[in-house]
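Architecture and fold: a report
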Amino acid sequence: KNSRNHVGITFEHGSLSSCGTQYNSKADIWSIGVVFYEILFGGPPYKASNMVDLINNIKNKPLSFPKSVNQISDVTEDVIRRMLTVDPKKRIEW
């Protein structure tokens, strides 16, 4: 397998399932939020060299939107923030 694809899948789905969260449509919303973020800013919203650090970063670091890369609208930022809300119960729904 291409390691880029493996890392992407790990980041998009693994961070949720590794926290003991059941997979449902909220996980899909998280994944779409990650893809939107990557399209707009050229990289993932959270970075780490391993899964443990990634989960720690997701839980503890605030989501940032590098305005020097792309000055998105307030509405776009709000939607992505809602998609990437760590607690699935508080995450935006379809």
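Look up a bit, the structure's there.
The paragraphs below set out a description of the structure included in this document.

So, how was this worked out
- Residues numbered from 1 in each chain as written.
- Predicted model: local features only at pLDDT ≥ 70, side-chain atom pairs only at ≥ 80, totals over all residues.
- Heavy atoms only, no water.
- Buried < 20%, exposed > 50% of the residue type's maximum accessible area, 1.4 Å probe, protein only.
- Helix = DSSP H or I, 4+ residues; strand = E, 2+ residues; numbered from the N terminus.
- Arc of directions from axis to C-beta.
- Polar contact = N/O pair within 3.5 Å; in protein donor to acceptor, adjacent residues only side chain to side chain.
- Phe/Tyr/Trp six-rings, centres within 6.5 Å; stacked < 30°, edge-to-face > 60°.
- Patch = residues over 30% accessible without salt bridge, like charges linked within 9 Å, V, L, I, M, F, W, Y side chains within 5 Å.
- Areas by Shrake-Rupley, 256 points an atom, 1.4 Å probe, with all protein chains shown as cover.
- Salt bridge = Lys/Arg side-chain N within 4 Å of Asp/Glu carboxyl O.

**Brief notes about helix α3 (residues 51-60)**
Those residues of α3 that sit buried are Leu54, Ile55, Asn57 and Ile58. Around the axis of α3, the buried residues are gathered within 160 degrees of arc, so they sit on the same side. Of the residues in α3, the exposed ones pointing more than 90 degrees away from the buried face are Val52, Lys59 and Asn60. Where α3 begins, the capping side chain belongs to asparagine 50, and its oxygen is found 3.1 Å from the backbone nitrogen of valine 52.

**Quick word on the packing of aromatic side chains**
The way to describe two aromatic rings as a pair is by their centre distance and the angle between their planes. According to the stated counting rule, one finds three aromatic pairs in the structure shown. For the pair tyrosine 37 and phenylalanine 41, a centre-to-centre distance of 4.8 Å together with 40 degrees between the ring planes defines the contact as tilted. Of this pair, tyrosine 37 and phenylalanine 41 both sit in helix α2 (residues 25-41), separated by four residues, roughly a single helical turn. A single burial state applies to tyrosine 37 and to phenylalanine 41, both of which are buried. With centroids separated by 5.9 Å and ring planes inclined at 65 degrees, the aromatic side chains of phenylalanine 41 and phenylalanine 65 adopt a geometry described as edge-to-face. Remark: phenylalanine 65 occurs in the loop between α3 and α4 (74-83) and phenylalanine 41 occurs in helix α2; sequence separation between them is 24 residues. Take phenylalanine 41: its relative accessible area is 10%, and that puts it in the buried class. What links up through ring pairs into an aromatic cluster is the set Tyr37, Phe41 and Phe65.

**Focus on a nonpolar patch on the surface**
A surface patch of nonpolar side chains, amounting to about 270 Å² of accessible area, comprises Val35, Phe36 and Ile39. By secondary structure assignment, the location of valine 35 is in helix α2.

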